[in-house]
Amino acid sequence: MYAVKEDALQGVENVQEPKVSKTTTRRDALKVGLAIAALPFTGATGGPAAAQDRPVTKVLDFTTGADIAKAEQEGEFLFYTHDGEPAAAGIIEAFGKDFPKIKGKYVRAQNGSLFSKILAERSANRFNVDVIQFSEPATAIDFQKRGGYTRYVSPQVSAYAPEHLSNPVGDYFWVGVTFAGIAYNTDKVKPADAPKSWKDLLNPLWLNGVNVKQSNSGTQFVQWYELRKLYGDGFWKEFAKLRPRGFDSRVQLFDRLAKGDDKVCALAEYAGYLLHKEKGAPIAFVAPEDGLPASQLLNGVVDKAPHPEAARLFVDWLMSNRGQTHYQNNPYLYYGSVRKDAPPMPGGKRLKDFKLLSPTDMDAYSASRDTFNKEWNGMLGL
Amino acid sequence: MDTSAQHPPSATGQMISLQSAIMAAVIVVVAAFVLYPIYYLLQASLDVGVADVRPPTAYGFDNFAALPGYSTIMWNTLVVTFVATIMALIFGFLTAWILTRTNVPFQRTLEQLMAVPYYVTPLLGALAWSFLGAPESGFINQLWRRFGGEGALIDITSPMGIAWVMALFEGSVAFVMIGAVMKSMDPSLEEASQVIGASRWRTMLRVTLPLVAPGVLGAAIFVFAEMLGSFSAALVLGTPARFYVITTAIYQLVSQYPPRMPLAAAMGVSLFAVMFLMLYFYRRITSRRSYVTISGKAFRPRVMDVGWLRWVLFAVCVTYLLLSVFLPIATLVFASVQKLAVAFPAPENFTLDNFRQALSLNAVRSAMGNSIILGLLTATIGVILTGLLSWMIQRSRLPGRGVLEYIVMFPQAVPRLVFAFGMMWAWLVFPIPIYGTFWVLLIAYLTVFLPLGVRTISSVIMQLDRSLDECGQVCGASWGYRLTSITMPLLRPGLLAAWLLIFVASVRELGASILLMGPNSKVMTPAIVEAWFSSSSELTAAMALIQTIVIGLAMLIFLSITRRAARLEG
Amino acid sequence: MKKGTSDPAIEVENLSIRYGAITAVGSVSFTVNQGEQLTLLGPSGCGKTSTLRAVAGLERPTGGTIKIGGRTMYDAAKGINLAAEERGLSMVFQSYAIWPHMTVFDNVAYGLRVRKESGAALKEKVHHALDLVHMSAYADRNASQLSGGQQQRVALARACAFSPTVLLFDEPLSNLDAKLRAEMRIELRELQHRLKVTALYVTHDLEEALAMSDRIVVMRAGNIEQSGTPLEIYNHPRTAFVADFVGSANLINGRVMDEQLGEGLVAIEADGGNKLHGVTLGRVPGPTPAMSLRTVHLHLSNQPPAHSNNVWPVRVKRAVFLGDLTQIHVAWGGRELVVRQTAATTFTEGQTAYLSIAPEHCVLLEPE
């Protein structure tokens, strides 16, 4: 749940660390059970106290709670991300332009592999990661429960709505949002047949001609969850009859759509649409009135980070308009920014201009993961 | 006669212990490389405790019990793998026979080109063939429809299409393995058959084929296992047709949240059974007969004069190369200079942006260097390691050397995507901090390519007359001296083939690298796959082409160095 | 060669070799004296090659001892087993084992280089060895360009080049054609004499064994059947197996007649009723004694010979012209005997002739 207490937020505005009781953290940790006790998570409790009196400095055009001199002394940091190689390289490069004395490094893997990898490393007492980014909230929440984050409340949190920050604040934040509508191939689909609402996806015309993402996609999970909530269980059962094809990335979806291999893309991420429209693909994007399923990418400082100051500086940079602009404009990312004062995305629209559908009850959302995986894999013939 | 010359230098006693020391070291290294990760893999497959907590909190067989739910996928995998193996062996044997045993024109050039399909990575091949043969957008099908055809002429996304693409590129491994064996076969064995009136075709089937049987079988086992674990073709071509094999299923299992590693591990471990059954039959077949064809009776390498048929055989080779090299590469070149690859592009669709972008990626440039260095190291160390291993398996009187052969095949039996997890867990807790460094990749590559090296070199060792080595022994030469003066020079073609195969396999390695790459040890192929996932097929085509060119150059340099070295010696 | 030592060059005692449950060599003992050539003769599978390989150190025996030049090479009881390369022997292989990747010179120089010879000394020794086998002209040839006979010579030169005291031969001539084999036999023998080297030779070819050996050990099914000089083996086979294997012989079974003859003589009534006299060579006849009569020792004539012992009138059944010899099959006491003699007298089928043999050529065999 993302109901953040008022007093906590006030604390944020005063650039004061909110009073997070140690018991909260403990309770969270206890939830995961006995096994987790073996995991080292002591840092999670020590973190907030240390962050409490952080002086805020202004660097370039943003404020940071990091000690820049120390960060530069640390000289490097390691970023784990689910994003692709060129995307990760782009982020690190952009940060490196602003802070040439800090050498960013990154390792990338698919969300699930990344999660397994960092947990395995931590259980072997190897702490080499400074900042981590997951592609969907359930992973981040699980990681939080296992004491994976160190709490750092950035001075940038004031620019974010509470629902875009972790609870409690300071573990992770929404570094970007990817959202999906419907896209279709304008050569293959007659204007009269063009889908306008989510319900139009069930048109038998799309039999063997519609594509979606695999169950490992966070956005796909959100779409399944939200549309099921809107239209009931039957919606996806009906959809399954169209024998949809599942792919791993939005690029594949749009590649196939652009080339006419598929007629309709049922999970058309706006980012992918922009990329392919630029190339002159015969495709159109539809934003159904009921809203666009949106999935957030979550980013935070890792517990026992070997370069804590550089990590904080990096997170502050990411949260600032500099980082957010990069996330919006890098063609490998094209993620929308949830910052209150975010600039428009390429194509001129802002994230606010779309009606987004995002799960609010995170417990119910996380709990339905298994149902989704089973239904979705079954539907895709896996 | 003077007494001083009677006995060889007394250092031989020490040499014997050197031999045992080296053999012991090889065993320890192999056991550590293979069994250590396997232990963790088995542990994971039995893990039924809290997800992603290590060590597991509870053990059980639930993961294995869940496997029957995936029987369709298992069946799909076996069918595609089997069909592809047969096709690859036919390609490999036919081309190997043509290029080593007949007077086909331009033999040397063709032979050099034959290795190319192997370093046209499977991803590149799959990508190219999906450009060519996708039912809707495939260039071939577009052409077909333009000339009045209906529907799709070919469907590369069908199971047969996937098998075809896998076989096309794996065929060149079969070629290299079988070719190395054929090259060292005494031609008089074939001539004997011809003299008594057997046709050339009959000679090939009745004499050549049985004689190179261990080589062919070795190649078959290897190719089968390689395809069992192959990922790219099934990923690129299978998913659009809702057709999954074990590797693509595993990929989904480990990349989703919550990651289902234990189930993936169980799937991988269950593949051991398939592999071991094959290996068992291989050993039964090869142990029953002697396959010595390199004997002390030296022979002149001669080829068969096949008359006008040579042009037909030439056409066969050229067709294979056309389908596996020229057509895919031309397709990729064509695709990589377009914004959106189509068969009949408008002029404004052409662009060089993809190459500009590929070359500007910092990650790609440093990764390329790492890949090449890793390839060189893996191939060089790998040839030494697998050479010694093959020798121990085939020639030593070491007790339990049969077990060694099974152990060596482990890494081949499990898809690398899964084995990588075993290696990650293993090297993560290893007291010497190599995890996340360049060295862990080197170890991983050496581990996963053990079977490749052993299969290639073993086939050639099997053909070596024992008395060649024994004679050196009776002459008083120590083990090490014999190894360098007799065994290694005689195995040269096999060792060279193994080196090249391992080099290329390392550079194109994907499954293990993704998980084990550290921030300072990036390699190339994962970056290309990434590009395919996150940017576009066109950029991927450009990157894959650049990779192919770099590998090609590296191999050219290596070949010219070895050729010069050989000339200096000879 | 060490002078003044009386140690035999090779001593093999109670050697046994087993492969799992199969016994390849049952307890075998023999010695080879210095400068002597001893041949292990026997059909394939008799264990001769295994024995040779055990002496060379290429095969690990299961029991017994092997000493070479007084040094213990293998001793099962003491757990000693020197590796082949430590035994200081030399060997010529059946397959020649010419290394195809080396020149003739390098092949021959191998053993010398192992012994750290180099420069002029090496060159001289290699050329000396090549001279011995008349292959000096081929020194720079690639080994893969030689004919079978030439490879054989190179293999021999290689084996001799480093002046070993003991040379082992594993059927070295079996891959050569008949004419070349006959030539090489003589050359090998001469070479062995010239180099005064001790040689242990393995063959299944009788002529080869007889022509080249100082002594022969006949083996059968992993055991020694008989050992002795070629003449002894030929003239006085100990068992039916040796008589049959070592050249052609007529084996005659019968019973001992109670007839007082001279010392070492015996009279036997053959199964067909014919009586013949032979020598016992100190052997004690068993209940069903057998005699060996070499085909060439039998004599067939148109006129009865002067003496009366061992003379029988026989009917000529068939005469086969073999060139130097004629092989005549005669009916004798209800069976057939084979006679080989020079073609001086001709016989026609069906005629009667007189068969005779000197009693010293009728050899009583030991009971099996």
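Residues numbered from 1 in each chain as written. Chains lettered and ligands numbered in written order. Predicted model: local features only at pLDDT ≥ 70, side-chain atom pairs only at ≥ 80, totals over all residues.

> Help me out: how do you make sense of the packing of helix α6 (residues 122-133) of chain B against helix α15 (residues 309-336) of chain B in this one?
A pair of packed helices can be characterised by two numbers: the angle between their axes and the separation between those axes. Residue and element names in this part refer to chain B. α15 packs onto α6 with a crossing angle of 75 degrees between their chain directions and a minimal axis gap of 9 Å. One way to sum up the angle between α6 and α15 is to call them roughly perpendicular. Across the interface between the two elements, L124, G125, L127, A128, W129, F131 and L132 from α6 touch P328, T331, L332 and A335 from α15. In terms of residue class, the contact of α6 with α15 is built from nine nonpolar, two polar and no charged. (Axes fitted to C-alpha atoms, helices over the stretch in contact; angles between N-to-C directions. Helix = DSSP H or I, 4+ residues; strand = E, 2+ residues; numbered from the N terminus. Parallel < 35°, antiparallel > 145°, perpendicular 65-115°, else oblique. Contact = placed C-beta atoms within 7 Å. Nonpolar A, V, L, I, M, F, W, Y, C, P; charged D, E, K, R; others polar.)

> I would appreciate a short explanation of the sheet that holds strand β10 (residues 215-220) of chain C in the present structure.
In any sheet, the strands associate via hydrogen bonds between backbone groups, in a parallel or an antiparallel arrangement. All names here are of chain C. With respect to topology, six strands assemble into an open sheet ordered β7-β8-β9-β3-β10-β11, the strand pairing being mixed. Because the sheet does not close on itself, it has two edges, and the strands there are β7 (90-92) and β11 (223-228). Direction aside, neighbouring strands of the sheet carry axes that sit 20 degrees apart on average. Of the strand pairs in this sheet, β7 and strand β8 (residues 166-170) are connected by three bridges, and their pairing is parallel. (Pairing = 2+ DSSP bridges.)

> For this particular structure, what's the right way to read the interface of chain B and chain A?
Note: interface size is frequently given as the accessible area lost on complex formation between the parts. Across the contact, 49 residues belong to chain B and 56 residues belong to chain A. Every element with two or more residues in the side of chain B that touches chain A is listed here: α13 (246-255), α17 (362-395), α19 (416-429), α25 (511-516) and α26 (524-534) of chain B. Sorting elements by how many residues they give to the side of chain B that touches chain A places α26(B) first, with six residues.

> How do you make sense of the pairing of strand β6 (residues 173-185) of chain A when you look at a structure like this?
Note on strand geometry: in a regular strand, side chains alternate between the two faces of the sheet. Residue and element names in this part refer to chain A. With 13 of its 13 residues buried, β6 lies for the most part within the structure. Here β6 runs beside strand β11 (residues 292-301); their pairing, made up of six bridges, is antiparallel. If you follow T178 over to β11, its bridge partner there is S295. In this structure, β6 lies alongside strand β9 (residues 264-269), joined through four bridges in antiparallel fashion. Its bridge partner lying in β9, G181 is registered against A268. Sheet topology note: the β6/strand β10 (residues 283-286) ladder contains four bridges and is antiparallel. Each residue of the ladder has a partner; that of Y184, found in β10, is A284. (Buried ≥ 20, exposed ≤ 12 C-beta atoms within 10 Å, placed from the backbone.)

> What exactly am I supposed to notice about the sheet that holds strand β18 (residues 325-332) of chain C here?
Residues and elements named next belong to chain C. Spatial strand order, β16-β20-β17-β18-β19: five strands in an open sheet with antiparallel pairing. Strands at the two margins of the open sheet, each flanked by one partner only, are β16 (299-301) and β19 (335-342). When the angles between neighbouring strand axes are averaged without regard to direction, this sheet yields 45 degrees. As judged from the five bridges shared by strand β17 (residues 311-321) and strand β20 (residues 352-356), these two strands associate in the antiparallel manner. Paired with P313 across the strands is Y354, a residue of β20.

> What is the right way to read the confidence of the model for chain A from this model?
Regions with low pLDDT carry predicted coordinates that are not meant to be interpreted in detail. Scored by pLDDT, chain A comes out at a mean of 84, with 86% of its residues at no less than 70. Counting interchain partners and residues more than four positions distant, the pLDDT-below-50 stretch residues 1-52 of chain A has 82 contacts. (pLDDT = per-residue confidence, 0-100.)

> Could you clarify how one ought to interpret the arrangement of the chains in this entry?
Where the two pairs of chains in contact are concerned, the greatest contact count is recorded for chains A and B. Nowhere do chain A and chain C come into contact; their C-alpha atoms are at least 48 Å apart.

> Help me understand the packing of helix α10 (residues 250-259) of chain A against helix α11 (residues 270-278) of chain A in this model?
Residues and elements named next belong to chain A. At a minimum axis separation of 9 Å, α10 and α11 run at an interaxial angle of 45 degrees. As judged from the angle between their axes, α10 and α11 are oblique. Here α10 and α11 pass one another in a crossing that is right-handed. Judged by residue contacts, R250, V251, L253, F254 and A258 of α10 engage A271, G272, Y273 and H276 from α11. A per-class count over the contact of α10 with α11 returns six nonpolar, two polar and one charged. (Left-handed = near helix turned anticlockwise from the far one by under 90°.)

> Please clarify how helix α15 (residues 369-379) of chain A should be interpreted in this entry.
Structurally, the α-helix is built with 3.6 residues per turn, so residues lying three or four positions apart point the same way. Residues and elements named next belong to chain A. Every buried residue of α15 is accounted for by F372, N373, W376 and M379. Relative to the axis of α15, the buried residues are bounded by an arc of 140 degrees and lie together on one face. Within α15, the exposed residues directed more than 90 degrees away from the buried face are D370, K374 and G378. Turning to α15, the residues buried within the fold contact α8 (218-231) and α9 (234-240). Of the residues one or two after α15, G381 is the one with positive phi, at around 80 degrees. (Arc of directions from axis to C-beta.)

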